[in-house]
Amino acid sequence: MAFSTKEENDSKFQKITRFPRELGELRFWSFVLVTVLAIYLMYVFALTEPVQGLTDPFYSPTILVLPLVAGFRATCYAYRKDYHRHLFSHPIGCSVENFNKEGEVNFPGEKVGRPYSGETGIFRLENLHRYFWYAAVAILPFFYYDLYLAMAYRGEFTLGVLLLILNTLWVTLYTFSCHFFRHLAGGNVDCYSCPVNKKSYRRTIFNRISKLNGHHEMFAWISLASFFLVDLYIRGVAAGLPINILLFRL
Amino acid sequence: MPEDYETVESDVLVIGAGGAGLRAAIAVNDSGQKVIVVSKSLLGKAHTVMAEGGMAASLGNVDPQDNWTVHYGDIIEEGVYISSWKMAEILAKEAPSRVLELESYGALFDRTPDGRIMQRAFGAHTYRRLAHLGDRTGLEIIKTLEHQVIHRDITFYDEMYITNLIKEGNRIVGAVGIKMNTGKIFLFKAKAFVIATGGSGRVFKITSNSWESTGDGIGMAYRAGVKLRDMEMIQFHPTGMVYPPGVRGLLVTEGVRGEGGILLNTKGERFMLRYSPEKKELDARDVVARANYREILEGRGTEHGGVYLDITHKGSDFIKHKLPAMYQQFMEFAGVDITKEKMEVAPTVHYMMGGIEVEAETERTNVENLFAAGEVASGLHGANRLGGNSLSDILVFGKIAGENAAIIAKNSDMGKINAEKIKNEIKYINSFFREDGKNPYDVIDKLTTCMSENVGIVRDAEHLKKALEIISELKKEAGEVGTKGMIKYNHGLLGCLELSNMLISCEAITNCALMREESRGAHTRSDFPKKDKEWIRNIITELGEDGNMKFGVKPVDEMPGEYKNYVKPEVYS
Amino acid sequence: MAEKEIELKIMRQDPETDKGPRYENYKVPYVDGMVVLDAVRYVQEHTDPTLAIRWNCKAAKCGSCSAEINGMPKLMCKTRVDTIGDKITVSPMAAFPLIKDLVTDVSKNWEITRKIPMFTPKENMEKPWRINPKDVEKSKEFKKCIECGLCMDVCHVVREHYTPYFGPMHIVKAASWDMHPLDGVDRSKYLNKEGGLGYCNITKCCTEVCPEHIHITDNAIIPEKERAVDLQYDPIAMLIKGIRKKEKVMK
Ligand SMILES: Cc1cc2nc3c(=O)[nH]c(=O)nc-3n(C[C@H](O)[C@H](O)[C@H](O)COP(=O)(O)OP(=O)(O)OC[C@H]3O[C@@H](n4cnc5c(N)ncnc54)[C@H](O)[C@@H]3O)c2cc1C
Ligand code: SF4
Ligand code: SF4
Ligand code: FES
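Parameters at a glance
Residues numbered from 1 in each chain as written. Chains lettered and ligands numbered in written order. Predicted model: local features only at pLDDT ≥ 70, side-chain atom pairs only at ≥ 80, totals over all residues. Heavy atoms only, no water. Near = heavy atom within 4 Å. Polar contact = N/O pair within 3.5 Å; in protein donor to acceptor, adjacent residues only side chain to side chain. Areas by Shrake-Rupley, 256 points an atom, 1.4 Å probe, with all protein chains shown as cover. Helix = DSSP H or I, 4+ residues; strand = E, 2+ residues; numbered from the N terminus. Nonpolar A, V, L, I, M, F, W, Y, C, P; charged D, E, K, R; others polar. Pairing = 2+ DSSP bridges. Domains from an automatic or database assignment. Contact = heavy atoms within 4.5 Å. Buried area = accessible area lost by both parts, 1.4 Å probe. Salt bridge = Lys/Arg side-chain N within 4 Å of Asp/Glu carboxyl O. Core = buried A, V, L, I, M, F, W, Y, C linked by side-chain atoms within 4.5 Å. Buried < 20%, exposed > 50% of the residue type's maximum accessible area, 1.4 Å probe, protein only. Axes fitted to C-alpha atoms, helices over the stretch in contact; angles between N-to-C directions.

1. Observations concerning the site of ligand 1
All names here are of chain B.
No. 1: As a structural note, the neighbourhood of ligand 1 is formed by 39 residues, with Thr48, Glu212, Glu375, Ser390 and Leu391 the closest of them.
No. 2: With respect to ligand 1, the backbone of Ala20 contributes an N or O atom lying 2.9 Å from an oxygen atom.
No. 3: Within the complex, the protein chains bury 99% of what would otherwise be the 1000 Å² of accessible surface of ligand 1.
No. 4: Of all the elements in the fold, those that place two or more residues in the shell around ligand 1 are helix H1 (19-30), strand E7 (160-168), helix H5 (216-223), strand E14 (343-352) and helix H11 (389-410).
No. 5: The dominant element in the shell around ligand 1, judged by the number of residues it contributes, is H11, at 4 residues.
No. 6: Class assignment for the residues of the shell around ligand 1 results in 15 nonpolar, 18 polar and 6 charged.

2. With respect to the pairing of strand E21 (residues 549-555) of chain B
Residues and elements named next belong to chain B.
No. 1: Where strand E20 (residues 537-543) lies against E21, 7 bridges are found, and the strand directions are antiparallel. Within E21, the residue paired with Arg537 across the bridge is Pro555.
No. 2: With antiparallel pairing between neighbouring strands as the criterion, E20 and E21 make up a hairpin whose turn holds 5 residues, including Gly547 at a positive phi of roughly 85°.

3. Focus: the domain arrangement of chain C
All names here are of chain C.
No. 1: As assigned here, chain C comprises domain 1 (5-104) and domain 2 (107-235).
No. 2: The gap between the C-alpha centroids of domain 1 and domain 2 is 29 Å.
No. 3: Residue-level contacts link 16 residues of domain 1 with 15 residues of domain 2.
No. 4: When the buried area of domain 1 at its contact with domain 2 is split by residue, Pro73, Ala95 and Phe96 rank highest and sum to 40% of it.
No. 5: If you look at where domain 1 meets domain 2, you find 1 salt bridge.
No. 6: Among the salt bridges present, the one from Arg159 reaches Glu68, with a minimum N-O distance of 2.8 Å.
No. 7: At the boundary of domain 1 with domain 2, the tally comes to 5 residue pairs in polar contact (both at pLDDT 80 or more).
No. 8: Of all the elements in the fold, those that place two or more residues in the side of domain 1 that touches domain 2 are strand E3 (66-69) and strand E4 (72-75).
No. 9: For the side of domain 1 that touches domain 2, the element with the most residues is E4, which contributes 4 residues.

4. Topic: the site of ligand 2
Residues and elements named next belong to chain C.
No. 1: As a matter of local geometry, ligand 2 sits amid 14 residues, with Cys155, Cys200, Thr203, Lys204 and Cys206 nearest to it.
No. 2: For the shell around ligand 2, the elements supplying multiple residues, two or more each, are helix H5 (156-160), helix H8 (205-209) and helix H9 (216-232).
No. 3: Taken together, the residues of the shell around ligand 2 break down into 9 nonpolar, 4 polar and 1 charged.

5. A word on the domain arrangement of chain A
Residues and elements named next belong to chain A.
No. 1: In terms of domains, chain A is made up of domain 1 (20-177 + 215-249) and domain 2 (179-211).
No. 2: Across the contact, 10 residues belong to domain 1 and 7 residues belong to domain 2.
No. 3: Roughly 760 Å² of surface becomes buried between domain 1 and domain 2 when both sides are summed, with 69% attributable to carbon and sulfur atoms.
No. 4: Of all residues in domain 1, the largest losses of buried area upon contact with domain 2 belong to Arg130, Trp133 and Phe176, amounting jointly to 48% of the total for that side.
No. 5: On the surface where domain 1 and domain 2 come into contact, there are 0 salt bridges.
No. 6: In this structure, the connection of domain 1 to domain 2 is made through 0 residue pairs in polar contact (both at pLDDT 80 or more).
No. 7: Those elements giving two or more residues to the side of domain 1 that touches domain 2 turn out to be helix H5 (129-152) and helix H6 (159-176).
No. 8: For the side of domain 1 that touches domain 2, the element with the highest residue contribution is H5, accounting for 4 residues.
No. 9: Classifying every residue of the side of domain 1 that touches domain 2 gives 4 nonpolar, 5 polar and 1 charged.

6. Side note on the interface of chain A and chain C
No. 1: The partner chain C presents 67 residues to the 61 residues of chain A that form the contact.
No. 2: Where chain A abuts chain C, roughly 5700 Å² becomes buried across the two surfaces, and 56% of that area is made up of carbon and sulfur atoms.
No. 3: With its nearest N and O atoms 2.7 Å apart, the salt bridge here joins A:Arg130 to C:Asp234.
No. 4: At the junction of chain A and chain C, the tally comes to 21 residue pairs in polar contact (both at pLDDT 80 or more).
No. 5: Among the elements of the structure, helix H1 (6-17), helix H4 (77-87), H5, helix H7 (179-187) and helix H8 (201-213) of chain A are those that each provide at least two residues to the side of chain A that touches chain C.
No. 6: Looking at the side of chain A that touches chain C element by element, the count peaks at 8 residues for H1(A).

7. Side note on the nonpolar core
No. 1: Membership of the largest hydrophobic core comes to 269 residues, with the highest contact counts inside it found for B:Phe188, C:Leu8, C:Val40, C:Met76 and C:Tyr165.
No. 2: Element by element, the count of residues in this core is highest for helix H15 (residues 491-515) of chain B, at 14 residues.
No. 3: Sequence-distant contacts of C:Tyr165, that is, excluding residues within four places in its chain, are made with C:Cys155, C:Val157, C:Val158, C:Ile171, C:Gly195, C:Gly196, C:Leu197, C:Tyr199, C:Cys200 and C:Ile221.
No. 4: Counting residues in hydrophobic clusters, the runner-up holds 23 residues, among them A:Met42, A:Phe143, A:Phe157 and A:Val171.

8. Here's the deal with the sheet that holds E4(C)
All names here are of chain C.
No. 1: Pairing in this open sheet of 5 strands is mixed, and the strands run E2-E1-E5-E3-E4 from one edge to the other. Each having just a single partner strand, strand E2 (22-29) and E4 make up the two edges of the open sheet. Going from strand to strand, the sheet's axes swing by 35° on average, the running direction of each strand aside.
No. 2: For E3 and strand E5 (residues 87-91), the ladder comprises 2 bridges, and the chain directions are antiparallel. Bridging across to E5, Ile69 finds its partner in Val90.

9. Some remarks on the environment of B:Asp445
No. 1: By the secondary structure assignment, B:Asp445 is in helix H13 (residues 440-454).
No. 2: Note: C-alpha distance between B:Asp445 and B:Val203 (242 residues apart in sequence) is 9.2 Å.

10. What about the sheet that holds strand E3 (residues 55-56) of chain B?
Residue and element names in this part refer to chain B.
No. 1: Strand order across the open sheet formed by 3 strands is E3-E5-E4, with antiparallel pairing between neighbours. Each having just a single partner strand, E3 and strand E4 (119-120) make up the two edges of the open sheet.
No. 2: In this structure, E3 lies alongside strand E5 (residues 130-131), joined through 2 bridges in antiparallel fashion. Within E5, the position partnered with Met55 by the bridge is Ala131.

Set out below in structure tokens:
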């Protein structure tokens, strides 16, 4: 049976952990390929200058910080769930179906463990999430600066500005609903009111962030989608499409 | 079929891993003796997990006027003056320290605004007294004790079904058990024994009790010559679920009425105003249970045989916050949204006040080296139990039983066991494996139906006599039951063994109910509707020389003069 | 309604005598509002008394009756037949060694629990202890755990791999002590080093099956991981902790 402890399976465990076997899987390499290609394309067709005052979020403040943003997302707990499940099939799904695809009975306990090291091998790096978070917070003001730039460009409130505002909002929510921030803000405290009558603002902050944190996964995906959407949109504007519609003058 | 067995020795053997058993084991361990705990279910799954409301202790955190004397008075009055005053005193005095001790073991309780342990109101307690953690107090208690046991040097054998005690002279020297998950038979040798096997609610068809409450402890003790007391006293909880049939009997916590729920009949009348104009829905359990019963009997009940319990007027938010478990229970089991719909409820068997007679200060039984504590023991609750007193009972007396068992164990040697007796016991177990055996569950079904129909909440001589007839017939049938297959995890075998114990409880309950010709506390006789001064007595049941059940009556121990001041004098109409 | 029947498929095997498991079919009359446990017990009481099942409270309070119902780990006593249709397959939890039929050997759980340091109160506290009512909440969530083991069963780490990971149920247990407002020990580093916390890859399957709706991953596992990072991987946090040195850290 799979349910075993260190003592009993030390030898097996040794064999399994040293090399992160996930990296040997095809799904992973196809993902890496797509990512590398995407980054390459972004360099080649860079949009480093604002278009009609709109800064492409991928280049704010410069594409050089992109690895930081990518690192933040790659180590984020919300994305971890998804790529571990979908990229590496650990696990394939939450159901514990005892039937295989052909409809034959595949009895419990007969499953053979695939090699697996979880977050103990190379994925131990995910523990650096908090440093990426610091970086993300440092980058955040630039998005607001870009907003200012966009509005100040001609004193007009355009569709592009609206999209940038939304984008900034999602990024902000995503950043501050982070599990690490929740931990930092009060998750590491067990007794907020010790002694008992002590007033504690940290509890309030923690509870609020916990609420936000409940939607962290949603923010993660919306903000990512919004990034690409806005990027596409600005490229469209740069290509001369008349889509930066004027909503009202400021 | 197995002939051989494994022998295990310890200083003290505790049978039962509910709150009482675990606390006793901890007490033995504290005194440095070697202890083994056995239980029929898995460790940590005992019946105690089901307790919801809380644990009564006069901490006085919410109502500072509260103290042990008030608690004492409440116990005696609710027990309608046939409780053991000494046990009541011990419980009232010790319960607060047991709560604090649990806290030091890591149990969490809800708190008052100034950080002390919160206490909630419960039916018939003078003050707010129940320490609790939401509506999961039993779970918290059992888990806390479970982890104490796991982390201490205490051996436990779970899924070990004890079939019988082995007696030599007037002393218990061993116990035989079946390890269900391996099918091996065990002999436990010890210097002292504690029975903490809980009640026998399962002898009734409609009950809130868990599967294991089949009165095994009462059965094995009775066979070993231990005296039982007040077996007729069965507490009915007024509100058990009625529909769907699968969950019939499942408890609807008193908290619903505590938070403002009202009882209605099909005419829409709030009938408790008639039965108890002052305390209404929050009167003692026996009063409310009888009222519900009457309404249903007189045709003002629902088609499924229940009355309505309505809390919808409190609003959705309030209900979900205060009664989350009940909201879930009805949503998941009955598909009823209690924030919008009325619940259907009817009385359900809940607790056994009767059981093994013990000495108040030590929990010793009349058989040497044998102790009993928890729901299986009797004396504290008299004719009716106060809500929340059972959890205090199991901890207070579990500890005392463990301590005294350890003392006896220290001063005794390991008794000699006649190997013949073990052989016979194994033969008895194996005798149930036969191809032509009757299905034990059919017999159990007949028995529980008979008990629910004839020895229910309101009793009379006619029905009780009828029940006795059925029981004696079923006793014959019980001689023919059997099962097939292997001994390992064989529920058919368990059914056979449990049946013999259930029959003992049933016979005792029915006979005692027939003897007590009055209505007192939970025991109501429609042919003797009044309380009778003559009956400030306890009924004792024991195994007679001739192998038949023997009954006796003895007066209740009189409490010392100053204690009488703590109790309202009894009134007879 | 009485005529309606459900088709029940139950996995049967006694590993000591049977070579392999087999599924057997039973027909059980449908009763309104019936749960899977009712159906299985019907088989046990009327068709085959040797069918091994484990149950106790029948009220979703004790956590004994865990099994895999149509491929999802669930409590048999809490799963209503009318929510899953009238063709039902029941098999034992595959993450635990089989004893017989639907009963599995969960004794490993005690061994693991024994390794996790228990609640240890902070030193020099004035008695009786005072706790702010709001500070109870964090630990209280984990105190709901009925130790049913469903989260262990669904967790792919426990189920499919040989690792030292304790499993979600035990992380919940440890978190209930770690987050007790008066507990003076930090178990996170121990959990990470000895308990294999790193093997959990936040896939949240455990949270999905928990019958008590405990947010196992978000509220127990991730906070424990973050605490372990504080003590093991993050030099700045380690420095700060080192200076403060308030809490006792296990190993
Ligand atoms: C739904 C419900 C709610 C309740 N709420 C409250 C409440 O709010 N407050 C309160 O004070 N009380 C409450 N009670 C009552 C209280 O829970 C019980 O009376 C109490 O838990 C009994 O504990 P115990 O230790 O005596 O026995 P149990 O917890 O019943 O334990 C019995 C033990 O004995 C073992 N055993 C039995 N037979 C054998 C055998 N043959 N061989 C080996 N082992 C055996 C069992 O496995 C088990 O471990 C409630 C009861 C119910 C049913
Ligand atoms: S979140 Fe972690 S513990 Fe839960 S199922 Fe996934 S891997 Fe297992
Ligand atoms: S955490 Fe939930 S699923 Fe896991 S054992 Fe506890 S109650 Fe069961
Ligand atoms: S029987 Fe107790 S949880 Fe199902």
